[in-house]
Structures are given as C-alpha cells and as structure tokens.
Amino acid sequence: MPSTPALAVESLSFQVGGARILTDVNLEVTPGEMIGVIGPNGAGKTTLFNMISGIHAPTAGRIRLGGTDITHEPVHRRAKAGLGRTFQTSNLFPGLSAAENVRLAAQRRLGGNLSVLRFPRRGDDASREALAHLEEVGLSELADVPAGGLSHGDKRKLEIAVLLAMEPAVILLDEPMAGVARADVPGLSEVIRRLHRGHGCTVLMVEHHIDVVLGLVERVAVLHQGTILALDAPGAIMADPLVQSAYLGAAV
Ligand SMILES: Nc1ncnc2c1ncn2[C@@H]1O[C@H](COP(=O)(O)OP(=O)(O)OP(=O)(O)O)[C@@H](O)[C@H]1O
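Residues numbered from 1 in each chain as written. Predicted model: local features only at pLDDT ≥ 70, side-chain atom pairs only at ≥ 80, totals over all residues. Heavy atoms only, no water.

Undergrad: How would you summarise the site of the ligand if you had to cite specific residues and measurements?
TA: Surveying the vicinity of the ligand reveals the residues Val16, Ile21, Pro40, Asn41, Gly42, Ala43, Gly44, Lys45, Thr46, Thr47, Glu175 and His208. Between Gly42 and the ligand, the recorded distance is 2.9 Å, taken from a backbone N or O atom to an oxygen atom. Taking Lys45, its side chain carries an N or O atom lying 2.7 Å from an oxygen atom of the ligand. Alone, the ligand offers 640 Å² of accessible surface; in the complex the protein occludes 59% of this. (Near = heavy atom within 4 Å. Polar contact = N/O pair within 3.5 Å; in protein donor to acceptor, adjacent residues only side chain to side chain. Areas by Shrake-Rupley, 256 points an atom, 1.4 Å probe, with all protein chains shown as cover.)

Undergrad: Let's hear about the domain arrangement of the protein: which residues, and what values?
TA: Per the domain assignment, the segments of the protein are domain 1 (1–82 + 169–252) and domain 2 (92–167). A C-alpha centroid distance of 26 Å is found between domain 1 and domain 2. Listed per partner, the contact involves 17 residues of domain 1 and eleven residues of domain 2. Between domain 1 and domain 2, roughly 1,100 Å² of surface is buried when both sides are summed, and carbon and sulfur atoms account for 68% of that area. (Domains from an automatic or database assignment. Contact = heavy atoms within 4.5 Å. Buried area = accessible area lost by both parts, 1.4 Å probe.)

Undergrad: Requested: an account of the nonpolar core, with residues and values cited.
TA: Judged by nonpolar contacts, the single largest core of 45 residues is most densely connected at Leu134, Leu158 and Ile192. If one sorts the elements of this core by residue count, helix 5 (residues 152–166) sits on top with seven residues. Built from parts of two domains, this core gets at least three residues from each of domain 1 (1–82 + 169–252) and domain 2 (92–167). Setting aside residues up to four positions removed in sequence, Ile192 forms contacts with Met34, Ile160, Leu173, Pro176, Met177, Met205 and Leu216. (Core = buried A, V, L, I, M, F, W, Y, C linked by side-chain atoms within 4.5 Å. Buried < 20%, exposed > 50% of the residue type's maximum accessible area, 1.4 Å probe, protein only. Helix = DSSP H or I, 4+ residues; strand = E, 2+ residues; numbered from the N terminus.)

Undergrad: Account for the sheet that holds strand 5 (residues 68–69), naming residues and giving values.
TA: Paired through backbone hydrogen bonds, the strands of a sheet run either parallel or antiparallel to each other. Ordered by their spatial adjacency, four strands build an open sheet running 2-1-4-5, and the pairing between neighbours is antiparallel. What marks the edges here is a single partner per strand, and that holds for strand 2 (19–29) and strand 5. Bridge analysis of strand 4 (residues 60–65) against strand 5 gives two bridges, and the strand direction is antiparallel. Within strand 5, the position partnered with Arg64 by the bridge is Asp69. Its contacts with the sheet place helix 1 (residues 45–53) against strand 1 (7–16), strand 2 and strand 4, and it is angled at close to 115 degrees to strand 1. (Pairing = 2+ DSSP bridges. Axes fitted to C-alpha atoms, helices over the stretch in contact; angles between N-to-C directions.)

Undergrad: Mind laying out the sheet that holds strand 7 (residues 170–174), listing which residues take part and the relevant values?
TA: Judged by pairing direction, the sheet is mixed, and its six strands sit side by side in the order 6-7-8-3-9-10 without closing on themselves. Of all strands in the sheet, those bounded by a partner on one side alone are strand 6 (83–86) and strand 10 (227–232). With direction set aside, neighbouring strand axes in the sheet form an average angle of 20 degrees. Relative to the sheet, helix 5 contacts strand 6 and strand 7, its axis offset from that of strand 6 by approximately 170 degrees.

Undergrad: Give me the packing of helix 3 (residues 98–110) against helix 4 (residues 125–136): which residues, what numbers.
TA: One way to put it is that helix 3 packs onto helix 4 with a least axis distance of 8 Å and a crossing angle of 125 degrees. One finds that helix 3 runs oblique with respect to helix 4. Judged by the sense of rotation from one axis to the other, the crossing of helix 3 with helix 4 is right-handed. Within the contact between the two elements, helix 3 uses Ala98, Ala99, Val102, Arg103, Ala106, Gln107, Arg109 and Leu110 and helix 4 uses Asp125, Ala126, Ser127, Glu129, Ala130, Leu131, His133 and Leu134. Here the contact of helix 3 with helix 4 is composed, by residue class, of nine nonpolar, three polar and four charged. (Parallel < 35°, antiparallel > 145°, perpendicular 65-115°, else oblique. Left-handed = near helix turned anticlockwise from the far one by under 90°. Nonpolar A, V, L, I, M, F, W, Y, C, P; charged D, E, K, R; others polar.)

Undergrad: Break down helix 4 for me, with residues and values.
TA: In this model helix 4 runs 17 Å from its N-terminal to its C-terminal C-alpha over twelve residues, within 8% of the 16 Å that 1.5 Å per residue would give. Among the residues of helix 4, Ala126, Ser127, Glu129, Ala130, His133 and Leu134 are the ones counted as buried. What you see down the axis of helix 4 is that its buried residues fit within an arc of 160 degrees, all on one side. Of the exposed residues in helix 4, those oriented more than 90 degrees away from the buried face are Asp125 and Glu135. Those residues of helix 4 hidden inside the fold are in contact with helix 3 and helix 5. (Expected span 1.5 Å × (residues − 1). Arc of directions from axis to C-beta.)

Undergrad: I'd like a rundown of the environment of Ile38, residues and numbers included.
TA: Mapped onto the elements of the fold, Ile38 is located in strand 3 (residues 34–38). On the basis of relative accessibility, which here comes to 2%, the residue Ile38 falls in the buried class. Between the C-alpha atoms of Ile38 and Met205, which are 167 residues apart in sequence, the distance is 8.6 Å.

Given below as structure tokens:
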C-alpha cells in the first residue's frame with residue numbers, strides 16, 4: 001500500500017483579480033524524498049511556497065501535511081505541525097550569535113523557557129544540541145559570531161542548523177543559493193545533501209541553480225506559467241522535449 005505523502009498539494013489554484021498565478025497544481029512529496037521546483041521568473045514558485053507555508057490562502061485546492069489538511073491553518077500552526085521553511089531573505093536574529101540562534105530553536109522544540117536574556121548554560125540540552133547542529137553544518141568555529149556578521153553562505157548554513165534543531169517533518173528551502181558566493185555553492189550543496197540523505201529529511205526546494213537541483217534531488221517539478229509542466233527524475237526532465245522547448249532551451 002502506498003504510504004501517505006509527507007506533503008500533498010492538491011488541485012491548488014491562486015488568482016488575483018483576473019490573473020491566474022497558479023492553476024490546478026498537484027504535487028506529492030513522499031516521506032524522505034527531496035523534490036526541486038524549477039521554472040522561469042514569474043512561473044509561480046514563490047507563490048506556491050507562500051501557499052504551502054500559509055502566507056497566502058489559495059483560491060482553490062488543498063494542502064496536506066502528513067495526511068492532515070492544513071489548507072486553512074495559520075503560519076504558526078503549520079510550523080507546529082512540522083513544516084519548516086527558509087526564506088530568500090534571512091530570518092535569523094542578526095544580533096544573536098550563531099549558537100544562540102540554534103539554541104533558541106532547540107529550546108522551543110524542547111519546550112523550555114524561551115529566554116535570550118538569561119545567560120545560557122553551556123551544558124544544557126538545548127546548548128549541547130545547538131553546538132552539535134553547528135558542527136553538522138560546518139559552523140563550529142563561528143558559534144560565537146553574531147548571525148548578522150556571517151557571509152550569505154554561512155547564514156544559509158545557519159538557517160539549516162536552525163531547521164535541524166526544530167526537527168520539522170517537511171522542509172521548504174526557498175532559493176538556498178540566492179546571494180551565495182559561487183565559491184560557497186559546493187559547500188552549501190553538501191550541507192543540503194547531508195540534511196536530506198543523512199537526516200532523512202523530506203525537502204521541497206525552489207532553486208534557480210539548475211545544476212545544483214539536478215545533483216541533489218530525486219525528482220524535479222518544472223513550473224511554467226503557474227502549472228506543473230513536468231515532474232520526473234532529473235535525467236528524464238533534462239531529456240523532456242516539452243521542458244526543453246518551454247524552459248531549458250531558452251532560459252538556461
Ligand atoms: N499577491 C499578488 N498579487 C499580484 N500578482 C502576484 C501576487 N503574487 C504573485 N504575483 C504574480 O504572480 C507571478 C508569479 O510570481 P512568483 O513570485 O510566484 O514567481 P517565481 O516563479 O517565484 O519568480 P522568481 O523566480 O522571479 O522568484 C508573477 O507574475 C507575479 O507578479
């Protein structure tokens with residue numbers, strides 16, 4: 001019997017005025033799978049992420065997280081239900097150290113007293129966990145550096161460490177390579193690979209760097225003018241004449 005999808009988008013549509021931004025989008029992410037969403041500028045990728053995370057309400061359709069209908073749940077309840085998201089612009093606390101950012105996420109999950117004023121005890125569970133997650137993303141040496149002082153690439157790694165501390169069932173990565181220096185792309189790709197393969201996280205990722213997407217994911221969804229043009233393994237997507245003529249041939 002097929003397992004319940006970790007995330008299911010069913011017949012999702014979004015219209016603003018007379019404009020159809022998304023039309024009948026269907027997408028199922030199986031537990032432990034990573035799907036990359038690609039498509040030209042304006043295809044609707046960010047809108048799709050905003051619908052899934054609850055920033056905008058769809059005009060029609062449903063969104064299920066592990067079988068539970070979350071279509072009408074507010075953002076914070078979706079997060080509580082196990083949906084984690086990174087943003088194109090960082091949502092870290094810039095004045096807090098890298099370790100504090102991760103510790104707060106771990107503390108929230110562990111149900112502890114949320115306090116940044118109280119001097120953290122280095123030995124508490126959340127602090128220990130924070131340091132372990134920083135090590136996993138290769139930021140141990142920068143644990144005491146304020147998040148705002150990190151490079152773009154290191155901020156993205158820190159966001160992933162924060163996500164690891166939250167232990168979400170499904171992770172939405174919104175253009176993780178945006179603004180990241182070319183030299184830092186392989187290192188960040190490796191961190192995402194470990195997040196997925198090492199931790200078995202279920203991931204839906206929007207990314208413009210197609211080579212990065214093709215190297216990381218099990219399946220690629222091509223969004224074009226608000227609809228899913230193709231959904232398949234990377235090799236099949238690259239060989240799909242429809243994808244080539246509508247997107248890859250012109251845009252890459
Ligand atoms: N709330 C809104 N009101 C009006 N138009 C919108 C709204 N949200 C999105 N759009 C339009 O919908 C289309 C899809 O936008 P979206 O940002 O989702 O595309 P995208 O694929 O993420 O593009 P990019 O790759 O440039 O980030 C665009 O034409 C955009 O102008």
